[in-house]
Amino acid sequence: MRGQRDQATELVHRLVPGSPPRNRAVAAPPAVRGPAEPPAAALTERERQVAEIAATGKRTREIAAELTLSPRTVDVHLSRIYRKLGVGSRAALARLVAETGLGRPGGQAG
């Protein structure tokens, strides 16, 4: 039982950021980060389209009609967009699109 508990504890320490490992030999190596990925790179083409239209202030039904999708599909896209970009509202999404040019070719704000 104790061995299983120790294994579980070590696994938690590996998976939870900032959690100090009990045994240095188990510690994962530091993550190597490359250049920051632009926000648009995390989105699918359809998510970029939905994000760009939502940032203009259109409602879900209007976005759905423009892209010939169901309103529920638009809502699913929006929830994924929010999660991927770390925003919590359409206003925050609109700011991000305005600052980064998320929907524009090359991601250039303009």
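Check the entry above for the structure.
For clarity, every value in this text was computed on a predicted model and none was experimentally measured.

**Points about the environment of Arg 90**
Mapped onto the elements, Arg 90 comes out in helix H5 (residues 90–100). The spatial distance from the C-alpha of Arg 90 to the C-alpha of Thr 56 is 9.3 Å, given a sequence separation of 34 residues. A polar contact is formed between the side chain of Arg 90 and the backbone oxygen of Lys 58, at a distance of 2.9 Å. Within polar-contact distance, the side chain of Arg 90 engages the side chain of Thr 60 at 2.5 Å.

**Digging into the side chain of His 77**
Among the structural elements, His 77 can be located in helix H4 (residues 71–85). Since its relative accessible area comes to 14%, His 77 is described here as buried. Here His 77 is in contact with Arg 46, Glu 47, Val 50 and Leu 69, once residues within four sequence places are set aside.

**Looking at the environment of Ala 91**
On the secondary structure map, Ala 91 appears in helix H5. C-alpha of Ala 91 to C-alpha of Ala 54: the two residues are 37 residues apart in sequence and 9.2 Å apart in space.

**What to know about the packing of helix H2 (residues 45–54) against helix H3 (residues 60–67)**
Between H2 and H3, the least distance of the axes is 10 Å, while the angle of their chain directions is 130 degrees. It follows from the interaxial angle that H2 and H3 lie oblique. Two packed elements cross with a definite hand, and for H2 against H3 that hand is right-handed. Residues Arg 46, Gln 49, Val 50, Ile 53 and Ala 54 of H2 touch H3, and the partners they reach there are Ile 63, Glu 66 and Leu 67. In terms of residue class, the contact of H2 with H3 is built from five nonpolar, one polar and two charged.

Here is what the cut-offs are and how they apply
Residues numbered from 1 in each chain as written. Predicted model: local features only at pLDDT ≥ 70, side-chain atom pairs only at ≥ 80, totals over all residues. Heavy atoms only, no water. Helix = DSSP H or I, 4+ residues; strand = E, 2+ residues; numbered from the N terminus. Polar contact = N/O pair within 3.5 Å; in protein donor to acceptor, adjacent residues only side chain to side chain. Buried < 20%, exposed > 50% of the residue type's maximum accessible area, 1.4 Å probe, protein only. Contact = heavy atoms within 4.5 Å. Axes fitted to C-alpha atoms, helices over the stretch in contact; angles between N-to-C directions. Parallel < 35°, antiparallel > 145°, perpendicular 65-115°, else oblique. Left-handed = near helix turned anticlockwise from the far one by under 90°. Nonpolar A, V, L, I, M, F, W, Y, C, P; charged D, E, K, R; others polar.

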